[in-house]
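Now for the letters of each chain:
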Amino acid sequence: MNNDINIGLGFRREIADEFLTGTSIKPDFIEVAPENWMDMGGYWHAKFREATEKYPLILHGLSLSIGSPEEPDWAFLKKLKPFLNEFNVEIYSEHLSFAKLDNAHLYDLLPIPFKQDSIKHVVKRIKQVQDFLEMRIAIENVSYYTPVDAEVTEDVFVKQIVEQADCNLLLDVNNVYVNSFNHKYDAEKFIDRMPLDKVRYIHMAGHHKISDELIIDTHGEAIIHPVYELFDYTLSKMDRNVPILLERDFNFPEMEELQKEMKNLRNICIKNQEQDVILS
Amino acid sequence: MLYSAKTYDSQQRLSRWVRTGENADVPGTTAEGLKQYRRLFRNNINNTLTQAYPISLEVLSNEQWNKMVDGFYANHDAQTPHVWKLPFEFYQFARESDYAQKYGFPFLNDLLYFEWLEIDVYTMPNKYPEPFKENGDAMNDLIEVNREYSLERLEYPVHLYAAKESLNHKGNYFLLTYRTPKDFEVKFLDMPPLHVLFFEKISNERLTASQIIDQLLVQNNEIPKEQLAQNILGFIQTMMEEKVFLGFSENYLN
């Protein structure tokens, strides 16, 4: 990928043919979870190969569990490294959460306690992983539905980890919106406190509001207007382009709708790029 | 580990809550937030398992299924980072916990395994054949076998009969599950013991059909050689048609 505006879409089995033979969606890149495609043969191996021949690939992991107390899963990382190399993957990201504890995978992203000892622990884990993979990874701010025994705020937690680990940040703008709603903080101020110079990749998505008090980050709905606005605000604070992903994992609409969402994202990028040119 | 004992304890309590739903008194959390994590965790695992085991789900009552799944979350430490491989661990858990006996469905282990085999063979890593040609001498040339298969023994023929009906046909069954080249379709084939012997030899040893027939005759001289040869020839033909045998090896015998 070059430094131009790149808008991608998650490569999902339900809409795989649209990526390969359809004409309605035109992403600049695709994103997959390596766990869902590594070790996979047969039909889906063939489809995945076809997709990677057509589009640049970004990997967004699910199981690394960077917040686990135990050592990183070296067996998994040993398989991941050649997978990254095979497909010339420039960005590999993971969640700032834990999904494994006491040798049991949980297949869910659980919140790490926002504490100083957690920061030290996660920084060490990220460094171990980066050293092994010989690349910077990007860490995503996750949506969370309850804090756990927090000592510091979420923004301090994320910022300190990214800076101390010298990793990149995958800034999920929808997650910022969801968390700001659920935990009642100012989303723009949160963005201001993020190390925006470390942002390597941005996620955008829809969510599901289940009550007046709670939003769940589902990736099953269209992006809503306030999240576009927060995205616009984020880009206005950044001085360069990074790849932007539209996350959509289920409840797929007509492909034209997804293309329209990608176009909306591109237009916001173009607007901010033009403003940057005027300002410079 | 650089976590303090207190932080680690909070994580353990949260994990315990998510897996069991037992009040874990996780410090500094909200009841509503905890409820959501438990719900999301259960939905995620349950969706994976219900998609993998549609027949078992139909055979068991909702209560039986839910009890088995709840037991799985709570007591089994999932090992695979690939959630699509989790159904195999569920099958292992069900077998070790002897739900077949508990529920009075002796065929349950075979049924779960049968359903898992479809996923396993459909997703198994590609195994590329050696160079082969379509035409050859079925008896005297080496046969190239499609390596994308699994051959298993079942006690209950859940691949031949509806699950409950299989109870009346308990015995020794051999099920070949294989993936066809190019269109990647998973197919099942019931194999009699004689063909299993032949298939295992042709898959694992560098022998021609005629050499295997000679070995089979040493083991069992009750079948006349000509009859055995005809039987094996018919089997080879079927396997060729089914794309279990791909053709004849281009790597000739010495």
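Residues numbered from 1 in each chain as written. Chains lettered and ligands numbered in written order. Predicted model: local features only at pLDDT ≥ 70, side-chain atom pairs only at ≥ 80, totals over all residues. Heavy atoms only, no water.

(A) Highlighting the nonpolar core. Counting 135 residues, the largest nonpolar core has A:Tyr92, A:Leu171, A:Ile202, A:Met204 and A:Phe231 as its most contacted members. Tallying contributions element by element places helix H7 (residues 108–123) of chain B first for this core, with 7 residues. Here this core spans two domains, since at least three of its residues come from each of domain 1 (5–105) and domain 2 (132–249) of chain B. Not counting the four nearest positions on each side in its chain, A:Met204 is found in contact with A:Val173, A:Ile223, A:Val227, A:Tyr228, A:Phe231, A:Ile244, A:Leu245, A:Leu246, A:Glu247 and A:Leu265. Residues B:Val145, B:Tyr178, B:Ala209 and B:Phe245 belong to the second largest nonpolar core, which totals 30 residues. (Core = buried A, V, L, I, M, F, W, Y, C linked by side-chain atoms within 4.5 Å. Buried < 20%, exposed > 50% of the residue type's maximum accessible area, 1.4 Å probe, protein only. Helix = DSSP H or I, 4+ residues; strand = E, 2+ residues; numbered from the N terminus. Domains from an automatic or database assignment. Contact = heavy atoms within 4.5 Å.)

(B) Structural context of unusual backbone geometry. Here the phi dihedral of B:Asp98 falls at roughly 55°; this positive angle occurs in a residue that is not glycine. Checked against the element boundaries, B:Asp98 lands in the loop between helix H5 (86–96) and helix H6 (99–103).

(C) Main features of the interface of chain A and chain B. Facing 50 residues of chain A, the contacting portion of chain B comprises 47 residues. Summing both sides of the interface, chain A and chain B together bury roughly 3,900 Å²; the carbon and sulfur share of this comes to 60%. As a salt-bridge pair, B:Lys6 and A:Asp149 come within 3.0 Å of each other at their nearest N and O atoms. One can count 23 residue pairs in polar contact (both at pLDDT 80 or more) joining chain A with chain B. Elements supplying a minimum of two residues to the side of chain A that touches chain B: helix H2 (42–54), helix H3 (74–86), strand E5 (98–101), strand E6 (104–110) and helix H4 (116–133) of chain A. Class assignment of the residues belonging to the side of chain A that touches chain B gives a composition of 25 nonpolar, 13 polar and 12 charged. (Buried area = accessible area lost by both parts, 1.4 Å probe. Salt bridge = Lys/Arg side-chain N within 4 Å of Asp/Glu carboxyl O. Polar contact = N/O pair within 3.5 Å; in protein donor to acceptor, adjacent residues only side chain to side chain. Nonpolar A, V, L, I, M, F, W, Y, C, P; charged D, E, K, R; others polar.)

(D) Structural context of the side chain of A:Glu154. Residue and element names in this part refer to chain A. Structurally, the position occupied by Glu-154 is in helix H5 (residues 154–165). At a separation of 2.7 Å, a polar atom in the side chain of Glu-154 contacts the side chain of Tyr-185. Here Glu-154 is in contact with Phe-114, Val-142, Tyr-144, Asn-179, Tyr-185 and Phe-190, once residues within four sequence places are set aside.

(E) Representation of the pattern of salt bridges in the model. Enumeration over the complete set of coordinates arrives at 28 salt bridges over all chains. Note that A:Asp249 and A:Arg12 form a salt bridge whose closest N and O atoms lie 2.8 Å from each other. Linking A:Asp249 in the loop between strand E12 (244–247) and helix H9 (255–279) with A:Arg12 in the loop between strand E1 (7–10) and helix H1 (16–20), this pair joins segments that are 237 residues apart in sequence. Judged by its relative accessible area of 27%, A:Asp249 falls in the partly exposed class. The residue B:Glu242 makes a salt bridge to B:Lys187 at a minimum N-O spacing of 3.9 Å. Here the residue B:Glu242 occupies a position in the loop between helix H10 (225–241) and strand E6 (245–249), and B:Lys187 occupies one in strand E5 (residues 186–191), the gap between them amounting to 55 residues.

(F) Here's a closer look at the packing of helix H1 (residues 5–20) of chain B against helix H2 (residues 31–52) of chain B. Residue and element names in this part refer to chain B. Direction vectors running N to C along H1 and H2 enclose 55°, while the axes themselves pass 8 Å from each other. Judged on the interaxial angle alone, H2 and H1 are oblique. At the point where H1 passes H2, the crossing takes the right-handed sense. Contacts from Leu-14, Trp-17, Val-18, Arg-19 and Thr-20 in H1 reach Leu-34, Lys-35, Tyr-37, Arg-38 and Phe-41 in H2. (Axes fitted to C-alpha atoms, helices over the stretch in contact; angles between N-to-C directions. Parallel < 35°, antiparallel > 145°, perpendicular 65-115°, else oblique. Left-handed = near helix turned anticlockwise from the far one by under 90°.)

(G) Summary view of the sheet that holds strand E2 (residues 143–145) of chain B. Residues and elements named next belong to chain B. Strands sit in the order E1-E6-E2 across an open sheet of 3 strands; the sheet is antiparallel. Two strands lie at the open edges of the sheet, namely strand E1 (132–133) and E2, each paired on one side alone. Sheet analysis places E1 next to E6, joined by 2 bridges and oriented antiparallel. Across the sheet, residue Lys-133 finds its bridge partner in E6, namely Phe-248. Strands in contact with helix H8 (residues 193–204) are E2 and E6; relative to E2, the strand with the most contacts, it is inclined by about 95°. (Pairing = 2+ DSSP bridges.)

(H) Fine view of H7(B). Residues and elements named next belong to chain B. The end-to-end C-alpha distance of H7, which contains 16 residues, comes to 23 Å, matching closely the 22 Å that a straight helix rising 1.5 Å per residue would cover. Among the 16 residues of H7, 12 are classified as buried, and the element is accordingly described as predominantly covered. Those residues of H7 that fall on the buried side of the exposure criterion are Leu-108, Asn-109, Asp-110, Leu-111, Leu-112, Tyr-113, Phe-114, Glu-115, Trp-116, Leu-117, Val-121 and Thr-123. (Expected span 1.5 Å × (residues − 1).)

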